[in-house]
Amino acid sequence: MTAWICATCGVQHVDTPGPPRTCPICADERQWVPRDGQRWTTLEELAAAGHRTVSRELEPNLVGIGVEPSFGIGQRALLVRTPAGNLLWDPPGFLDDAAIARVRELGGLAAVAASHPHFYGVQVEWSHAFGGAPVLVPEADREWVMRPDPAVTFWAGTYSPLPGVTLVQCGGHFDGSAVVHWRDGADGRGALFTGDTITVVADRHHVSFMRSYPNLIPLPAEEIERILAAVAPYAYDRVYGGWWDRVIEDGAERAVRRSADRYLAWLRVHRP
Ligand SMILES: [Zn+2]
Ligand SMILES: [Zn+2]
């Protein structure tokens, strides 16, 4: 059987003889289905079409792993390395032997996790390649697991798979939308990996928060406050968003506060 991958979001689904009829993640109001209808692909087909993984060191003990040409939503994964093992965050919808070899060289995988269902990618393939490493999914997003597997492990609130690496459930975009706090990132000043939970915008000095990014559905003030409160206990100076070029190099804690203040101010504006 084949584990079909949705060509739009890049999320891999359960093994079935033929492709599923719909991708519930893309049929949801936060994503979209192409005009010509749902399309499916496979790892083999993507490799034959010339996709390959690329990896780059972003700072000491942090490696980005992306796909070229870009596939699905186009996120690049982050592999954070610690003396106790490595966490892979936000895997794209494609992997190859080169990516597996690279991660093996870097010390393997202790766990896989993602900011939200749009970025589950081929998380179960990664787990299988590394001895069934746990795939950490927030309990609140259980319904969005498209490829169930014994490795899927549910968590809620906060969870530290490795010393100095903490998953923080923030909500907002999805109820289970999460970030990673990496204590030792940015030369010890701390870093957040945020995916679409706190999305780094084009100017790379601000972030934003949306229920849907492609369909431009905003979030209410209470959800913005909930996200801010969830990350408030953590010190950080750098934010890695979901894509190669979406990084706030320093002053990120102030940038998040400034961006939230701006968002909340616009929500309060009334023009009679
Ligand atoms: Zn999809
Ligand atoms: Zn998303």
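Engineer: Quick rundown of helix α5 (residues 221–231)? Include the residues and the values.
Structural biologist: Listing the buried residues of α5 in full gives Glu223, Ile224, Ile227, Leu228, Ala230 and Val231. Angular distribution of buried residues about the axis of α5 spans 160 degrees; they occupy a single face of the element. With respect to the buried face of α5, the exposed residues turned more than 90 degrees away are Glu222 and Ala229. Buried residues along α5 sit against β12 (165–169), β13 (178–182), β14 (191–195) and α6 (252–268).

Engineer: Residues and numbers for the coordination of the zinc ion (ligand 2), please.
Structural biologist: Bound to the zinc ion (ligand 2) are the protein donor atoms His116 (NE2), His118 (ND1), His173 (NE2) and Asp196 (OD), situated 2.2 to 2.6 Å from the metal. Between consecutive donors of the zinc ion (ligand 2), the numbers of intervening residues give the motif H-x1-H-x54-H-x22-D. Taken together, the residues span a long stretch of sequence, with His118 in the loop between β8 (111–113) and α4 (123–129) and His173 in the loop between β12 and β13 at a distance of 55 residues.

Engineer: With reference to specific residues and values, describe the side chain of Arg147.
Structural biologist: With respect to the secondary-structure elements, Arg147 resides in the loop between β9 (135–138) and β10 (152–155). There is a polar contact of 3.0 Å between the side chain of Arg147 and the side chain of Glu125.

Engineer: Summarise the coordination of the zinc ion (ligand 1); cite the residues concerned and give the values.
Structural biologist: Around the zinc ion (ligand 1), the donor atoms from the protein are Cys6 (SG), Cys9 (SG), Cys23 (SG) and Cys26 (SG), and they sit 2.3 to 2.4 Å away. Taken together, the four donor atoms coordinating the zinc ion (ligand 1) span angles of 102 to 119 degrees at the metal, a pattern that classifies the geometry as tetrahedral. Sequence positions of the residues that donate to the zinc ion (ligand 1) give the spacing C-x2-C-x13-C-x2-C. The pair formed by Cys6 and Cys9 is uniform in burial state, with each residue classed as buried.

Engineer: An account of the layout of surface pockets is requested, with residue identities and associated values reported.
Structural biologist: Size it by volume and the largest pocket reaches roughly 220 Å³. Together, 16 residues line the largest pocket, and Ile73, Asp196, Tyr213, Pro214 and Trp243 are the ones closest to its centre. Taken together, the residues of the lining of the largest pocket sort by class into eight nonpolar, six polar and two charged.

Engineer: So what's going on with empty space enclosed by the protein? Residues and values would help.
Structural biologist: In the structure shown here, the tally under the stated rule is one cavity of 30 Å³ or more. When its volume is computed, the largest cavity comes out at roughly 60 Å³. If you go around the largest cavity, the residues you meet are Val11, Gln12, Tyr120, Gly121, Gln123, Val124, Val145, Met146 and Arg147.

Definitions and limits used
- Residues numbered from 1 in each chain as written.
- Chains lettered and ligands numbered in written order.
- Predicted model: local features only at pLDDT ≥ 70, side-chain atom pairs only at ≥ 80, totals over all residues.
- Heavy atoms only, no water.
- Buried < 20%, exposed > 50% of the residue type's maximum accessible area, 1.4 Å probe, protein only.
- Helix = DSSP H or I, 4+ residues; strand = E, 2+ residues; numbered from the N terminus.
- Arc of directions from axis to C-beta.
- Contact = heavy atoms within 4.5 Å.
- Donors = N, O, S within 2.8 Å, 3.2 Å for Na, K, Ca; no water.
- Polar contact = N/O pair within 3.5 Å; in protein donor to acceptor, adjacent residues only side chain to side chain.
- Tetrahedral: all angles 85-135°; square planar, octahedral: opposite > 155°, others 65-115°.
- 1 Å grid on protein atoms, 1.4 Å probe; cavity = no way out; pocket = protein on both sides within 12 Å on 5 of 7 lines; lining within 4 Å.
- Points joined across faces, edges and corners; volume = space filled by probe spheres on them.
- Nonpolar A, V, L, I, M, F, W, Y, C, P; charged D, E, K, R; others polar.

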